[in-house]
Amino acid sequence: MLHLSQRFWGFGICFTIGCVLGIASIITIFNATLFATLYTFANIFYLGSTFFLVGPMKQVRNMKEESRMIASIVYLISMVMTLVVALVVCKASSISSFF
């Protein structure tokens, strides 16, 4: 169990890393592969920051609630598919060089 101050520090660090990655993704918007990768990792850090506030198990339980299940599944699948498209499809084709 983490103390309250440790939870706030963990939240702050993860959230700050997410913000830095989010801003970096905006700066690299013309490189599709780099943008998608940075943007997805920013979202992972944002999600990770909430784990520090409510705890990972409670966060997962909240995401599995009936009213949130579909949104959570779509969110997680879209992050995975964004990375797949950015790292596999864009690398294999010339899409990333087009942007």
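Along every chain, residues carry numbers that run from 1 in the direction the sequence is written. The predicted nature of this model means local features are confined to residues of pLDDT at least 70 and side-chain atom pairs, given and counted, to a pLDDT of 80 or more, with totals for whole chains, interfaces and linings taken over all residues. Hydrogens and water are ignored here; the side-chain numbers use all heavy atoms of the structure.

1. Topic: the side chain of Ser49
Next up, step 1: Secondary structure elements are taken from DSSP: a helix is a run of H or I of four residues or more, a strand is a run of E of two residues or more, and numbering for both begins at the N terminus. Residue position: Ser49 is located in helix 2 (residues 32-54).
Next up, step 2: A distance of 2.6 Å separates a polar side-chain atom of Ser49 from the backbone oxygen of Tyr46. Think of a polar contact as two N or O atoms within 3.5 Å of one another; within protein, one of them needs to be a possible hydrogen donor and the other a possible acceptor, and neighboring residues in sequence only count if both atoms come from side chains.

2. Considerations on the environment of Gly48
Next up, step 1: Mapped onto the elements of the fold, Gly48 is located in helix 2.
Next up, step 2: Under the relative-accessibility criterion, Gly48 is labelled buried at 17%.
Next up, step 3: Gly48 sits 15 residues away from Thr33 along the chain, and the two C-alpha atoms are 23 Å apart. Here's how the labels work: a residue is buried when its accessible area is under 20% of the maximum for its type, exposed when over 50%, partly exposed in between, all with a 1.4 Å probe on protein chains only.

3. Regarding the packing of aromatic side chains
Next up, step 1: Here the aromatic set is Phe, Tyr and Trp, taking the six-membered ring for Trp, and pairing holds for ring centres within 6.5 Å; pairs whose planes are under 30 degrees apart are stacked, those over 60 apart are edge-to-face, and all others are tilted. Enumeration over the complete set of coordinates arrives at three aromatic pairs.
Next up, step 2: Aromatic side chains Phe35 and Tyr39 sit 5.7 Å apart centroid to centroid with 20° between the ring planes, which places their arrangement in the stacked category. Placement of the pair is Phe35 and Tyr39 together in helix 2, with a separation of four residues, close to one helical turn.
Next up, step 3: Taken together, the ring pairs in this structure connect Phe11, Phe15 and Tyr46 into an aromatic cluster.

4. With respect to the confidence of the model for the protein chain
Next up, step 1: For every residue, the predictor states its confidence as a pLDDT score lying anywhere from 0 to 100. On average, residues of the protein chain carry a pLDDT of 90, and 91% of them reach 70 or more.
Next up, step 2: Mean pLDDT per element in the protein chain: helix 5 (residues 95-98) is the minimum at 51, and helix 1 (residues 4-27) is the maximum at 96.

5. Regarding the pattern of salt bridges
Next up, step 1: Counted as salt bridges are all cases of a side-chain nitrogen of Lys or Arg within 4 Å of a carboxyl oxygen of Asp or Glu. All told, the structure shown has one salt bridge when counted by the stated rule.
Next up, step 2: Across the salt bridge formed by Arg68 and Glu65, the nearest N and O atoms sit 4.0 Å from each other.
Next up, step 3: Among the residues examined, Glu65 registers a relative accessible area of 36% and is labelled partly exposed.

6. Topic: helix 3 (residues 56-63)
Next up, step 1: Those residues of helix 3 that fall on the buried side of the exposure criterion are Gln59, Asn62 and Met63. Mapping the buried residues of helix 3 onto a view down its axis gives an arc of 100°, with all of them on the same face. Those residues of helix 3 that are exposed and aimed more than 90 degrees away from the buried face are Met57 and Arg61. Think of it as the arc spanned by the lines of direction from the helix axis to the C-beta atoms.

7. A word on a nonpolar patch on the surface
Next up, step 1: Together, Met69, Ile73, Ile77, Val80, Met81, Val84, Val85, Leu87, Val88 and Val89 make up an exposed nonpolar region whose accessible area comes to about 810 Å².
Next up, step 2: Relative to the assigned elements, Leu87 resides in helix 4 (residues 69-92).
Next up, step 3: Taking relative accessible area as the criterion, Leu87 reaches 43% and is therefore assigned partly exposed. Think of a patch as exposed residues, more than 30% relative accessible area, with no salt bridge, where like charges cluster within 9 Å and nonpolar side chains (Val, Leu, Ile, Met, Phe, Trp, Tyr) cluster within 5 Å. In short, Shrake-Rupley with a 1.4 Å probe defines the accessible areas, and a residue's cover is counted only from the protein chains shown.

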